Amino acid sequence: MKLIMVRHTSVDVTPGTCYGQSDVGLRESFPVEAAAVASRIARYAPDRVYTSPLSRCVRLAEHCGYSDALRDARLMEINFGEWEMKRFDEITDPRINEWYDDFFNVRATGGESFADQQARVADFLDDLRESGCRCVIVFARGGTILQAMMLQGQATKENAFDMQPPYGGVIEMDI
């Protein structure tokens, strides 16, 4: 099955802000960025289209002609709990240092770890494999896409952040 993963367009938040599952707005450049995404994915004929329920993904799916995209909470970004909407360099929680040392296994205070998010994404991919679909498009956040790439052997914990697609990026993989 072809899995086409589309990262949402650029967000209107200060760089360095921990926004995970917060439902943040998009930049004014959205129409231009979304048109570019729509042209890149026009060649696909998906059997199904999914989106994270966060508006930054839903809005892009709708702009690309998929207003009926299935919303699936397993596609949401990591939940950063008490750190949401704080700049990373302003988080005073002493657990942040534990997280920096082992972001994959340590949970954000009141939130998830990357391992928790990976379990959600793995469950979603397992369901896709059983769906009988030949082509699926997914509109998601960068972390969700990285998790799928790691689960498919296209990235590792060590290089994942170097592999993250840009805003509006499209990643094709076979699963």
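Residue indices begin from 1 for each chain and proceed along its sequence in written order. Thresholds applied to this predicted model are a pLDDT of at least 70 for local features of residues and 80 or more for the giving and counting of side-chain atom pairs; totals over whole chains, interfaces and linings are not thresholded and use all residues. Side-chain descriptors were evaluated using all non-hydrogen atoms of the structure, hydrogens and water having been removed beforehand.

S.K.: Before we move on, could you go through the environment of Val13 and cite the residues and values that matter?
M.R.: Numbering goes from the N terminus for both helices and strands, where a helix is a DSSP run of H or I of at least four residues and a strand is a run of E of at least two. Among the secondary structure elements, Val13 is positioned in the loop between strand S1 (2–7) and strand S2 (17–18). Looking at Val13, the relative accessible area reads 15%, which means it is buried. Only heavy atoms enter the contact rule, under which two residues are in contact if any of them lie within 4.5 Å. Once you skip the residues sitting within four places of it in the chain, Val13 turns out to touch Tyr19, Val24, Arg27 and Met85. Throughout this description, buried means an accessible area under 20% of the type-specific maximum (1.4 Å probe, protein chains only), exposed means over 50%, and partly exposed covers the range between.

S.K.: Can you lay out the side chain of Arg7 for me, pointing to particular residues and giving the numbers?
M.R.: Counting through the fold element by element, Arg7 comes out in strand S1. For the buried Arg7, no salt bridge exists, and the shortest N-O distance to an oppositely charged side chain is 6.7 Å, to Glu77. Identification of polar contacts relies on pairs of N or O atoms within 3.5 Å, with a donor-acceptor requirement for protein atoms, meaning one able to donate a hydrogen and the other able to accept it, and with residues adjacent in sequence counted only if both atoms are side-chain atoms. Within the structure, Arg7 has its side chain in polar contact with the backbone oxygen of Pro165 (distance 2.7 Å). Once residues lying within four places of it in the same chain are set aside, the contact partners of Arg7 are Tyr19, Leu60, Ala140, Arg141, Gly142, Ile145, Gln164, Pro165, Pro166, Tyr167, Gly168 and Gly169. Neither His nor the chain ends is counted toward charge; the positive residues are Lys and Arg and the negative residues Asp and Glu. By definition, a salt bridge exists where a carboxyl oxygen of Asp or Glu is found within 4 Å of a side-chain nitrogen of Lys or Arg.

S.K.: Which residues make up the sheet that holds S1, and what are the values?
M.R.: Pairing between strands requires that DSSP locate at least two bridges from one strand to the other. Read across the sheet, five strands follow the order S4-S3-S6-S1-S7 without closing on themselves; strand pairing throughout is mixed. Taken across any chain shown, the strands that pair with only one partner, and hence form the sheet edges, are strand S4 (70–71) and strand S7 (170–174). Examined bridge by bridge, strand S3 (residues 48–51) and strand S6 (residues 135–140) share four bridges and lie parallel to one another. Residue pairing across strands places Val49 opposite Ile137, the latter belonging to S6. Along the sheet face, helix H5 (residues 142–151) touches S1, S6 and S7 and points at about 150° away from the line of S1. For helices, the fitted line uses only the C-alpha atoms of the stretch in contact; every axis is such a line through C-alpha atoms, and the angle between N-to-C directions lies from 0 to 180 degrees.

S.K.: Please set out the pattern of salt bridges residue by residue, giving values where relevant.
M.R.: On inspection of all chains with the given rule, the structure shows 13 salt bridges. For Arg74, the salt bridge identified is with Asp123, shortest N-O distance 2.7 Å. With Arg74 in the loop between S4 and strand S5 (86–87) and Asp123 in helix H4 (residues 114–129), this residue pair connects regions lying 49 residues apart in the sequence. On the basis of relative accessible area, Arg74 is assigned to the buried category, the value being 19%. Among the salt bridges present, the one from Arg74 reaches Asp127, with a minimum N-O distance of 2.7 Å. Here Arg74 is found in the loop between S4 and S5, whereas its partner Asp127 is found in helix H4, with 53 residues between them in sequence. Overall, Asp127 belongs to the partly exposed group, its relative accessible area being 38%.

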